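Reading the structure
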Amino acid sequence: MENENEKPRIDALTIALEGINAADPEKAVKQWISLEGDTLLLKDGHAINVAGNVYVVGAGKASGGMALGLESVLGEKIKEGVVSVPEEIVDRYKLKRIKLVGATHPKASEKSVNAGRLVLETISNLKPEDLVVALFSGGGSALLEYPVQGVSIEEISDISLKLMRRGADIFELNTVRKHLSMIKGGWLARHAQPARLVALMISDVIGDRMDTIASGPTVPDPTTFKDARDILVKYRLWEEVPESIKDHIERGLKGEVPETPKPGDPLFSKVKNVIIASNMISLEAMARKAGELGYNPLILTSMLEGEAREVGRVIVSLIKEVKRSGIPVKPPAVLLLGGETTVTVRGNGIGGRNQEMALSIAIGIRGLKGVAVACIGSDGRDGPTDAAGAVVDGNTYELALRQGLKPEDFLTNNDSYNFFKALGGHVKTGYTGTNVNDFVIAVINQVD
Ligand SMILES: Nc1ncnc2c1ncn2[C@@H]1O[C@H](COP(=O)(O)OP(=O)(O)OP(=O)(O)O)[C@@H](O)[C@H]1O
Ligand SMILES: O=C(O)[C@H](O)CO
Ligand SMILES: [Mg+2]
């Protein structure tokens, strides 16, 4: 019967929206900070005097919403601010004190350097009583840059693209970018001296390493010029990099140019870095919502990685075990996973890692009663499509066959978008304005 899956589908979507809501940039800032007289209070109890001027800087796809939240808390306290966002959304937020500048992502450009120049100018020649509030989120590395002397932004964006295409992960990519920048890797914090600095971050990085989020402009950098060189060697790019980049890294290796500021550097005694939204924070919010809906929630991970279709098969095995033996959690249950899978695209179809995972799960849960799974990209864009992801249940497979759609064929062709377009099941949120990676919500009732 179909209606036994209707409620799980609706509940899966309700829970998913709770996860996106928990990562809302404006709300997250307002939940994390408050102003009492001349004291800025953080949710973790940290208190900062704001008797001096307050300057705001930042960059990232969610940083416009963060700026909106900050203005509503600090208002007139803010003397001035510059935050870099994707040029497509630069007019989306109406701000009074903070200037949004449009730059480019995922490829950095002169617009990113312009934003970098404005940011550095904003926090130059400050006083000890001044406060800098930094707002960083995913996409910040491309949106904000100020290259080291002698290296061009084109050279940085070209080597970044080559590293991505050769499979470098975000930690490796940002290790290289930190060593070619006057902002990344803690340099922004040094530039802000002698003012105090609070950095609020929305994490799109698996494991939430703060030195990697937007390449950590305010965070001590444990990586070195040697790490950067080794990464370029690992991806067979050391012989290909422009002379300017090779020369700078070699001078860094010889100590002729300064290393990025390291953990333990006294400058960070006046810096406070906090993550105000992340995949785990959203998973915890979704677990609370699942509990309110009467389910036993279980968070399994916020660090999910691997080939989407294979990860889907593992999730199917977890669902079947819950139904069969109530292990690791008794039904009615909700399993919650987060992270960022990958897709090796071989076919000529259209899709995204969340839609592909949902299709793989639909194949595996065929015939299960009372089971629905939603796979969602929190930024609202799954792959080059207008869907955030998809929701499937134990009937999806049969429904597809009845319409002459063979799920396995669409999976083989990496054509998940067209599968859900034909059958239904797309989740469309529009651009959410945040990015804390992907969510999987598996709702499991015990109806048989
Ligand atoms: N036909 C397809 N089917 C499944 N996945 C695809 C397909 N085409 C592209 N992809 C996947 O979509 C990914 C790009 O998705 P997306 O644009 O959401 O990137 P992202 O990592 O989320 O970047 P951002 O942080 O900017 O959102 C690629 O890494 C690729 O693996
Ligand atoms: O901009 C970046 O570096 C990535 O989105 C990780 O935060
Ligand atoms: Mg995305």
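Residues numbered from 1 in each chain as written. Chains lettered and ligands numbered in written order. Predicted model: local features only at pLDDT ≥ 70, side-chain atom pairs only at ≥ 80, totals over all residues. Heavy atoms only, no water.

1. Side note on the overall build of the chain
- Along its length, the chain carries 16 helices and 15 strands.
- Relative to a compact globule of 448 residues, whose C-alpha radius of gyration would be 22 Å, the chain shows 23 Å and is just as compact.
- Over its C-alpha atoms, taken along the principal directions, the chain stretches across nearly 70 × 55 × 40 Å.
- Relative to its full complement of 448 residues, the chain shows a buried share of 57%. (Helix = DSSP H or I, 4+ residues; strand = E, 2+ residues; numbered from the N terminus. Rg over C-alpha atoms; globule rule 2.2 N^0.38 Å. Buried < 20%, exposed > 50% of the residue type's maximum accessible area, 1.4 Å probe, protein only.)

2. Let's talk about the sheet that holds strand E11 (residues 333-339)
- In space, the six strands of this open sheet follow the order E10-E11-E15-E12-E13-E14, with mixed pairing throughout. Edge strands, defined here as strands with exactly one partner in the open sheet, are strand E10 (296-304) and strand E14 (426-427).
- Bridge analysis of strand E13 (residues 389-393) against E14 gives two bridges, and the strand direction is antiparallel. Looking across to E14, one finds that Ala-390 is bridged to His-426.
- Contacts between helix H1 (residues 3-22) and the sheet are confined to E11, strand E12 (371-377), E13, E14 and strand E15 (438-444), with E15 contributing the most and set at about 150 degrees to the helix.
- Contacts from helix H11 (residues 279-292) reach E10, E11 and E15, with the element oriented near 165 degrees to E10. (Pairing = 2+ DSSP bridges. Contact = heavy atoms within 4.5 Å. Axes fitted to C-alpha atoms, helices over the stretch in contact; angles between N-to-C directions.)

3. Quick word on the site of ligand 1
- Lining the immediate surroundings of ligand 1 are 16 residues, of which Lys-61, Gly-351, Arg-353, Asp-379 and Asn-414 lie closest.
- Backbone polar atom of Gly-351 to a nitrogen atom of ligand 1: 3.1 Å apart, as the coordinates give it.
- Within the contact set of ligand 1, an oxygen atom lies 3.0 Å away from a side-chain nitrogen or oxygen of Arg-353.
- Contact with the protein chains covers 69% of the free accessible surface of ligand 1, which is 640 Å².
- Partitioning the shell around ligand 1 into residue classes produces four nonpolar, seven polar and five charged. (Near = heavy atom within 4 Å. Polar contact = N/O pair within 3.5 Å; in protein donor to acceptor, adjacent residues only side chain to side chain. Areas by Shrake-Rupley, 256 points an atom, 1.4 Å probe, with all protein chains shown as cover. Nonpolar A, V, L, I, M, F, W, Y, C, P; charged D, E, K, R; others polar.)

4. Observations regarding the domain arrangement of the chain
- Looking at the chain, the domain boundaries give domain 1 (3-18 + 280-444) and domain 2 (24-146 + 181-223 + 260-277).
- Look at where the C-alpha atoms of domain 1 and domain 2 centre, and you get two points 34 Å apart.
- Taking both sides of the interface into account, the surface hidden between domain 1 and domain 2 amounts to around 1,100 Å²; carbon and sulfur atoms contribute 56%.
- Broken down residue by residue, the surface that domain 1 buries against domain 2 is led by Ile-281, Tyr-431 and Asn-435, which jointly contribute 42%.
- Here domain 1 is connected to domain 2 by one salt bridge. (Domains from an automatic or database assignment. Buried area = accessible area lost by both parts, 1.4 Å probe. Salt bridge = Lys/Arg side-chain N within 4 Å of Asp/Glu carboxyl O.)

5. Some details on the pattern of salt bridges
- Counted under the stated rule, the structure contains 32 salt bridges.
- Put simply, Glu-87 and Lys-111 hold a salt bridge, and the shortest N to O gap is 2.5 Å. With Glu-87 in the loop between strand E5 (78-86) and strand E6 (98-103) and Lys-111 in helix H4 (residues 110-122), the pair connects residues that are 24 residues apart, well separated along the chain.
- Take Glu-87: its relative accessible area is 33%, and that puts it in the partly exposed class.
- A relative accessible area of 40% means that Lys-111 is categorised as partly exposed.
- Taking the shortest distance from any N to any O, the salt bridge between Asp-211 and Arg-209 comes out at 2.9 Å.
- Judged by relative accessible area, Arg-209 falls into the partly exposed class, the value being 36%.
- Salt bridges sharing partners connect three or more residues here, namely Lys-178, Arg-209, Asp-211 and Asp-221.

6. Side note on the sheet that holds strand E2 (residues 39-42)
- Spatial ordering of the open sheet is given by E1-E2-E3, a layout of three strands whose pairing is antiparallel. Each of the sheet's edge strands pairs with one partner strand only, and the pair in question is strand E1 (33-36) and strand E3 (47-49). Mean inter-strand twist for the sheet, computed between neighbouring axes without regard to direction, equals 25 degrees.
- Pairing geometry for E1 and E2, over four bridges, is antiparallel. Bridge pairing in E2 places Ile-33 opposite Leu-42.
- The strands that helix H2 (residues 25-32) touches are E1 and E2; relative to E1, the one it contacts most, it runs at about 45 degrees.
- Helix-sheet contacts for helix H3 (residues 63-74) involve E1 and E2, and the interaxial angle to E1 is about 20 degrees.

7. Quick word on the environment of Arg-190
- With respect to the helices and strands, Arg-190 occurs in helix H8 (residues 187-192).
- The class of Arg-190 is partly exposed, set by a relative accessible area of 33%.
- Note: C-alpha distance between Arg-190 and Phe-268 (78 residues apart in sequence) is 8.3 Å.
- Contacts of Arg-190, omitting those with residues within four sequence positions, involve Pro-261, Asp-265 and Leu-267.
- Side chain to side chain, Arg-190 and Asp-265 meet in a polar contact 2.9 Å long.

8. Topic: the packing of helix H9 (residues 225-234) against helix H10 (residues 243-253)
- Relative orientation of the contacting elements H9 and H10 amounts to 140 degrees, with a least axis distance of 9 Å. Taken together, the axes of H9 and H10 are oblique relative to one another. The element H9 and its partner H10 pack so that their crossing is left-handed. Residue-level contacts link Phe-225, Lys-226, Arg-229 and Leu-232 of H9 to His-248, Ile-249, Gly-252 and Leu-253 of H10.
- Split into classes, the residues belonging to the contact of H9 with H10 amount to four nonpolar, two polar and two charged. (Parallel < 35°, antiparallel > 145°, perpendicular 65-115°, else oblique. Left-handed = near helix turned anticlockwise from the far one by under 90°.)

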